[in-house]
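# Reading the structure
Here are the chains, one letter per residue:
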Amino acid sequence: VLSHNLCTVLNVPHDPVALEEHFRDDDEGPVSNQGYMPYLNKFILEKVQGNFDKVEFNRMCWTLCAKKNLSKSPLLISDEDAFKVWVIFNFLSEDKYPLIIIPEEIEYLLKKLTEAMGAGWQQEQFDHYKIALNSSQEGLSAWELIDLIGSGQFSKGMDRQTVSMAINEVFNELILDVLKQGYMLKKGHKRKNWMERWFVLKPNIISYYVSEDLKDKKGDIILDGNCCVEALPDKDGKKCLFLIKCLDKSFEISASDKKKKQEWIQAIQTTVNLLKAGSPPPHKEARQKRKELRQKLLAEQEELERQMKELQMANENKQKELENVRKQLEAAAARAAEEEKKRLQTQVELQDRFSLELEREKMVRQKMEEQVAQKSSELEQYLQRVRELEEMYKQLQEALEDEKQARQDEETVRKLQARLLEEESAKRAELEKWHLQQQQTIQMTEAEKQELENQRMMKEQALQAAMQQLEQLELERKEALEQYEEVKKKLETAANNTKSWKDKVAHHEGLIRLIEPGSKNPHLITNWGPAAFTEAELEQRGKSWKGKKATSE
């Protein structure tokens, strides 16, 4: 039922199949462990387009929660007024859960209500209330705000109807975006008569009704950045006139007095200017500015608290450092006093020890002087013995030098003889090596000479064979020339005979030439013209030449 009603209010198509699938169960219990919120977000709220009646939606939510949370104590406001206060709370509350309205926004709402009731604002009274509130909690819940306004604490002396009218006026401004409303006369477009209408100005439209109960709506004036409003002079017995110009129409309206006329002109012009600038309604813009200012002040306060904490921590660190330095100084002074005491005690002990050691040193020195005198006499005897030994050592050293010199001379002669023998052996080995190399060279030269002689003989034989072949070829060439000359002479004789015969035939028979059959054998061509021998003769000559060539090789 709840899902169906929500879909109806939000203009979203209801899908009962999805609901059944989300909460389906089997024999063991529910299949899904998800609650209602995932279904609400996925299948209802994500499909909302924004084209729904927000007041009806708020009324449905109010119906769900009011009975459980609304105070049972009697209030000075009706349930309808409590609903409007609850909607205003949702608009002014902070954007975090659980929802609360902070003291600054409470002050803003109470001021608006007091102004709508026509009473004076009691700042001192609210300051006392604010102090008491801040000491216990950060803000009020929706139900605590309803109790505060319904208790009449800040509307003393006002009747229920006045408070209800004030709540309705603030509700219209903050929730319904009603910037101004009231009765005025409007001139008709067809009949040109003047009729009293209830006008309601919103951020982008002016709606007019028959009465203020808003049941019978007569029309709308759509506002945009191109609209303008201007005052008109009095005419047709009507006063306080002004004109609203739109793209398609113009509307003449008469206010009840000059003050109302000026208020309406200023309100409509402000609305048009906001549309041109693309700005939100004044109360929403003011709420956003208050919120940004609170955030800025909160950030500054947090920064100040952070700086104070840093300063406090730095101060504590400095105090700790000073305390540590003081303790270190005290410890150093105590150590210095102890060390001074030890030093004096050590000095006295050292003086006593030095005196004893000095006495002991005097006794030791006397003993040492006696020993030195005794050792001096022994040293003189020892030195005399040393001088004698040195003299003997010098004599022995001279003898050793002579012997060493003789050995060195002998060693030099022996080395010289050995070197001469080595040189003689080396020369003899070198001569033998040269002799062997000379014999090898002679043998190699003889072999090469014999090989060159053989090659020369072979070349001479090949040259003689080539000369013989050349002579044979020359003879053959001469024979071929002689044969060629003979054949040429035969051909010339035959040609002369043929010419004379042809002349005779032509003379006797009147013919230019005879038609004769050609030769059936192919003609052989040589370098000098048609060959004078047959193909068989040519083959015979080729075989003969090849045989001679093979013989010569």
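Residues numbered from 1 in each chain as written. Predicted model: local features only at pLDDT ≥ 70, side-chain atom pairs only at ≥ 80, totals over all residues. Heavy atoms only, no water.

The name given to the protein chain in an unreviewed UniProt entry is Switch-associated protein 70, and the organism recorded there is Cuculus canorus. The record held by UniProt for the protein chain lists under Subunit (unreviewed entry) the comment "The SWAP complex consists of NPM1, NCL, PARP1 and SWAP70." (UniProt positions renumbered as here; feature names shortened; annotations may be inferred.)

## A short note on the overall build of the protein chain
Along its length, the protein chain carries twelve helices and eleven strands. Relative to its length of 553 residues, the protein chain is extended, with a C-alpha radius of gyration of 73 Å against a globular reference of 24 Å. The principal-axis extents of the C-alpha atoms in the protein chain amount to approximately 180 × 165 × 75 Å. Out of the 553 residues in the protein chain, the part that is buried amounts to 22%. Across the protein chain, the fraction of contacts at a sequence separation of at least 24, relative to all contacts at a separation of at least 6, is 54%. If you sum the accessible surface of the protein chain, you get close to 42,300 Å²; carbon and sulfur atoms cover 54% of it. Charged side chains of the protein chain number 88 positive and 99 negative; the gap between the two group centres comes to 10 Å. (Helix = DSSP H or I, 4+ residues; strand = E, 2+ residues; numbered from the N terminus. Rg over C-alpha atoms; globule rule 2.2 N^0.38 Å. Buried < 20%, exposed > 50% of the residue type's maximum accessible area, 1.4 Å probe, protein only. Contact = heavy atoms within 4.5 Å. Areas by Shrake-Rupley, 256 points an atom, 1.4 Å probe, with all protein chains shown as cover. Lys, Arg positive; Asp, Glu negative; His and termini not counted. Charge placed at Lys NZ, Arg CZ, Asp CG, Glu CD.)

## Examining the packing of aromatic side chains
Under the counting rule described, the total for this entry stands at twelve aromatic pairs. Geometrically, the ring pair formed by Tyr183 and Trp198 is edge-to-face, given 4.7 Å between the ring centres and 70° between the ring planes. Of this pair, Tyr183 sits in strand S3 (residues 180-187) while Trp198 sits in strand S4 (residues 194-202), and the two are 15 residues apart along the sequence. A residue is classified by how much of its surface remains accessible, and Tyr183, at 33% relative accessible area, is partly exposed. Ring geometry for Phe199 and Tyr208: centres 5.6 Å apart, planes at 40°, overall tilted. (Phe/Tyr/Trp six-rings, centres within 6.5 Å; stacked < 30°, edge-to-face > 60°.)

## What about the sheet that holds S3?
Note: strands within a sheet are paired through backbone hydrogen bonds, in either parallel or antiparallel orientation. Here seven strands make up an open sheet; going across it, the order is S6-S5-S4-S3-S9-S8-S7 and the pairing antiparallel. A strand with exactly one partner marks an edge of an open sheet, and here the two such strands are strand S6 (217-222) and strand S7 (228-232). Neighbour-to-neighbour, the strand axes of the sheet open up by a mean angle of 35°, direction not taken into account. Where S7 lies against strand S8 (residues 241-245), five bridges are found, and the strand directions are antiparallel. Opposite Leu232, over in S8, you have Leu241 as the bridge partner. (Pairing = 2+ DSSP bridges. Axes fitted to C-alpha atoms, helices over the stretch in contact; angles between N-to-C directions.)

## Topic: the side chain of Ser93
Mapped onto the fold, Ser93 is located in the loop between helix H5 (79-92) and helix H6 (103-117). You can call Ser93 buried: its relative accessible area is 3%. Aside from chain neighbours lying at most four places away, what touches Ser93 is Leu99, Ile100, Ile101 and Arg287.

## Observations regarding the pattern of salt bridges
Evaluated as defined, the whole model comprises 22 salt bridges. A single salt-bridge network, built from bridges that share partners, covers Lys187, Lys235 and Glu252. (Salt bridge = Lys/Arg side-chain N within 4 Å of Asp/Glu carboxyl O.)

## Observations regarding helix H10 (residues 258-277)
In this model, H10 (20 residues) spans 28 Å end to end at C-alpha, consistent with the 28 Å of a helix rising 1.5 Å per residue. Within H10 the residues assigned to the buried category are Lys261, Trp264, Ile265, Ala267, Ile268, Thr271, Val272 and Leu274. Backbone nitrogen of Lys259 and a side-chain oxygen of the N-cap are separated by 3.2 Å at the start of H10; the cap is Asp257. Gly278 lies just past H10 and shows a positive phi near 70°. (Expected span 1.5 Å × (residues − 1). Polar contact = N/O pair within 3.5 Å; in protein donor to acceptor, adjacent residues only side chain to side chain.)

## Observations concerning the state of the cysteines
The tally for this structure, following the rule as stated, stands at zero disulfides. As a non-bridged cysteine, Cys61 has Cys65 as the owner of its nearest cysteine sulfur, 7.1 Å distant. Given the relative accessible area of 22%, Cys61 is considered partly exposed. (Disulfide = S-S within 2.5 Å.)

## Considering unusual backbone geometry
Residue Asn11 is not a glycine yet carries a positive backbone phi of 60°. By the secondary structure assignment, Asn11 is in the loop between helix H1 (2-9) and helix H2 (16-22). Residue class for Asn11 comes out partly exposed when judged on its relative accessible area of 47%. Positive phi, close to 65°, is recorded for Leu214, a residue that is not glycine. With respect to the secondary-structure elements, Leu214 resides in the loop between strand S5 (205-209) and S6. We classify Leu214 as partly exposed; its relative accessible area is 42%.

## Overview of H5
The end-to-end C-alpha distance of H5 is 20 Å, a good match for the 20 Å that 14 residues give at a rise of 1.5 Å each. Among the 14 residues that make up H5, eleven are buried, leaving the element largely enclosed by the rest of the structure. Restricting attention to buried positions, one finds in H5 the residues Asp81, Ala82, Phe83, Lys84, Val85, Trp86, Val87, Ile88, Phe89, Phe91 and Leu92.

## Some thoughts on the environment of Cys227
Here Cys227 lies in the loop between S6 and S7. Sequence separation between Cys227 and Lys342 is 115 residues; the distance between their C-alpha atoms is 104 Å. When residues no more than four places from it in sequence are discounted, the contact partners of Cys227 are Ile222, Lys245, Cys246 and Val272.

## A closer look at the packing of H5 against helix H8 (residues 142-150)
Relative to each other, H5 and H8 sit at 130°, their axes nearing to 9 Å. With respect to their mutual orientation, H5 and H8 come out oblique. When the axes of H5 and H8 are compared, the crossing they make is right-handed. Two secondary-structure elements touch here, H5 through Ala82, Val85, Trp86 and Phe89 and H8 through Ala142, Trp143, Leu145, Ile146 and Ile149. (Parallel < 35°, antiparallel > 145°, perpendicular 65-115°, else oblique. Left-handed = near helix turned anticlockwise from the far one by under 90°.)

## Thoughts on the nonpolar core
Counting 39 residues, the largest nonpolar core has Trp62, Trp86 and Ile146 as its most contacted members. Taken together, the elements giving at least two residues each to this core come down to helix H4 (54-69), H5, H6, helix H7 (123-136), H8 and helix H9 (160-174). For this core, the element with the highest residue contribution is H5, accounting for nine residues. If near-sequence neighbours (up to four positions away) are discounted, Trp62 is found in contact with Leu70, Asp79, Ala82, Phe83, Trp86, Trp143 and Ile146. Membership of the second largest hydrophobic core comes to 21 residues, among which are Leu201, Ile221, Cys227 and Ala267. (Core = buried A, V, L, I, M, F, W, Y, C linked by side-chain atoms within 4.5 Å.)

## With respect to the side chain of Lys186
Secondary-structure assignment places Lys186 in strand S3. With no salt bridge to any partner, buried Lys186 finds its closest opposite charge in Glu252, at an N-O distance of 10 Å.

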